[in-house]
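Structure assessment
One letter stands for each residue in the lines below.
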Amino acid sequence: MKTERILVTGGTGYIGSHTVVELQQAGYRVVIIDDLSNSSADVIDGIERITGSRPDFVEGDCTDIDTLKRLFADYPDIKGIINFAASKAVGESMQRPILYYRNNLNTLLNLLDLMGPNGVKGIVFSSSCTVYGEPDVNPVTEKSPIKKATSPYGNTKQISEEIITDVINAGAPFKSVILRYFNPVGAHPSAEIGELPNGVPQNLVPYLTQTAMGIRKELSVFGNDYHTPDGSCIRDYINVVDLAKAHVIAVERMLTDKTEAPIEIFNLGTGHGVSVLELIDTFTKATGVEVPHKIVGRRAGDIEKVWADPTYANEVLGWKAETSLADTLRSAWDWQCRLRDRGIM
Ligand code: WQD
């Protein structure tokens, strides 16, 4: 068991919970803080069933600095932070920009404010390929131009990266690794944890598996008139467990002073672009389950095509997305079946 404790904000969420599993399996002690606004504390039971140990959990709002001050006082051994706590629905952010700026930015500002006085050595920040907007060229590298955000959600990620840069350049006594995710999908192979969005899923894969399960009548494919081989949008779908493992490497890198600069930025993707229609076809081939779907109009704000060049992360982090899309979609389906078997959905 390692001596350092890692604080995972938003740790009962989709990517956060998978990351807590990998952290614990790497020997770290973890404390989660989450306001449960978009997740359930039941997830902690799933983490315990997978790893055999239960992370500490504090229900709280990271936008309240006194809550965080109490947390650091209760856990003086926190040496690293992974910050997932944020609102993350692109569409919702168009309707509720103040919620997104207040939640996502105040959370980060509070953490950065408290890290120095509490001896925290580094923070891993959950960013997104959204910062690249509609890239001029694919695949996208970390040096690809940052485009004006097309949503308040994407803008909070860009502004957060700038805040971290300014704070560290001003001499803050800690480091940061910024991870720009492409499209996280799938579930833990144990089917004990997975993606469980509140209400109607905004993202493709949970909507797809709920349609395959008969919970939703039909999957709408948002447009087949894009400039892509089959007309549907292209994304880089990365397995959530592969993504989680990159976070453990990033934490290790900061705590053992292996970072080559106070701030490091990595694209986390597979390097392969897959269209919506190809993904649907892959799901059916992998599971034998059909997905009723129809082509409808484009969704406002959608990027036509974006996928990663993950070379920098492969070479510097020694990390690579290894799970096939077929296996990843099977894991998403297994999770959907587990939710049915448990009477949850
Ligand atoms: C993928 C593709 C849709 C639903 C967003 C955020 C990103 C990250 C992941 C947080 C698109 C199409 C979708 C549906 C469809 N968020 N689609 N029918 O928009 O690429 O990325 O979520 O970390 O930051 O921007 O993901 O899953 O919503 O869409 O046809 O019912 O599937 O048009 O082409 P997106 P998505």
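Before reading further, recall that the structure is shown in the block above.
All values derive from a computational prediction rather than experimental measurement.

Among the nonpolar cores identified, the biggest contains 36 residues, and I6, L23, L179, L268 and W319 are the most heavily contacted of them. Put simply, the parts of the chain that give this core at least two residues each are β1 (5-9), α1 (14-25), β2 (29-34), α2 (42-51), β6 (175-181), α8 (240-255), β11 (263-268) and α10 (311-317). With nine residues, α8 is the single largest residue contributor to this core. Residues contacting W319, with those up to four places away along its chain left out, are I238, D242, K245, A246, I249, L268, G269, A313 and N314.

It is worth spelling out the sheet that holds β11 at this point. Judged by pairing direction, the sheet is parallel, and its seven strands sit side by side in the order β3-β2-β1-β4-β5-β6-β11 without closing on themselves. Lying at the two open borders of the sheet, with one neighbouring strand each, are β3 (56-59) and β11. On average, adjacent strands in this sheet sit at an angle of 20° to one another, irrespective of strand direction. In the packing of helix α3 (residues 65-74) onto the sheet, contacts are made with β1, β2, β3 and β4 (78-83), and the angle to β2 comes to roughly 165°.

A few words on the site of the ligand. Around the ligand sit 18 residues in total, of which T130, L204, S220, R235 and D302 are the nearest. Taking F222, its main chain carries an N or O atom lying 3.0 Å from an oxygen atom of the ligand. R299 is positioned such that a nitrogen or oxygen atom in its side chain is 2.9 Å from an oxygen atom of the ligand. About the coverage of the ligand: the protein hides 91% of its 680 Å² of free accessible area. The element best represented in the shell around the ligand is strand β8 (residues 219-222), accounting for four residues. Residue composition of the shell around the ligand, by class: nine nonpolar, six polar and three charged.

According to the stated counting rule, one finds zero disulfides in the structure shown. Left without a disulfide partner, C129 is nearest to the cysteine sulfur of C233, which lies 12 Å away. A residue is classified by how much of its surface remains accessible, and C129, at 8% relative accessible area, is buried.

So, about the pattern of salt bridges. Pairing between side chains of opposite charge can happen when their charged atoms approach one another. Counted by the stated rule, this structure contains 23 salt bridges. A salt bridge links K147 to D136; its shortest N-O distance comes to 3.0 Å. Pair noted here: K147 is in the loop between β5 (122-128) and α6 (152-169) and D136 is in the loop between β5 and α6, with a separation of eleven residues, a long-range link. Residue class for D136 comes out exposed when judged on its relative accessible area of 62%. Across the pair K175 and D257 runs a salt bridge whose closest N-O atoms are separated by 2.3 Å. On the criterion of sequence distance, the pair formed by K175 in strand β6 and D257 in the loop between α8 and β11 is long-range, its members being 82 residues apart. Judged by its relative accessible area of 17%, K175 is buried. A cluster of three or more residues bridged by salt bridges with shared partners is formed by R5, R29, D56 and D77.

Each value, and the rule that gives it
- Residues numbered from 1 in each chain as written.
- Predicted model: local features only at pLDDT ≥ 70, side-chain atom pairs only at ≥ 80, totals over all residues.
- Heavy atoms only, no water.
- Core = buried A, V, L, I, M, F, W, Y, C linked by side-chain atoms within 4.5 Å.
- Buried < 20%, exposed > 50% of the residue type's maximum accessible area, 1.4 Å probe, protein only.
- Helix = DSSP H or I, 4+ residues; strand = E, 2+ residues; numbered from the N terminus.
- Contact = heavy atoms within 4.5 Å.
- Pairing = 2+ DSSP bridges.
- Axes fitted to C-alpha atoms, helices over the stretch in contact; angles between N-to-C directions.
- Near = heavy atom within 4 Å.
- Polar contact = N/O pair within 3.5 Å; in protein donor to acceptor, adjacent residues only side chain to side chain.
- Areas by Shrake-Rupley, 256 points an atom, 1.4 Å probe, with all protein chains shown as cover.
- Nonpolar A, V, L, I, M, F, W, Y, C, P; charged D, E, K, R; others polar.
- Disulfide = S-S within 2.5 Å.
- Salt bridge = Lys/Arg side-chain N within 4 Å of Asp/Glu carboxyl O.

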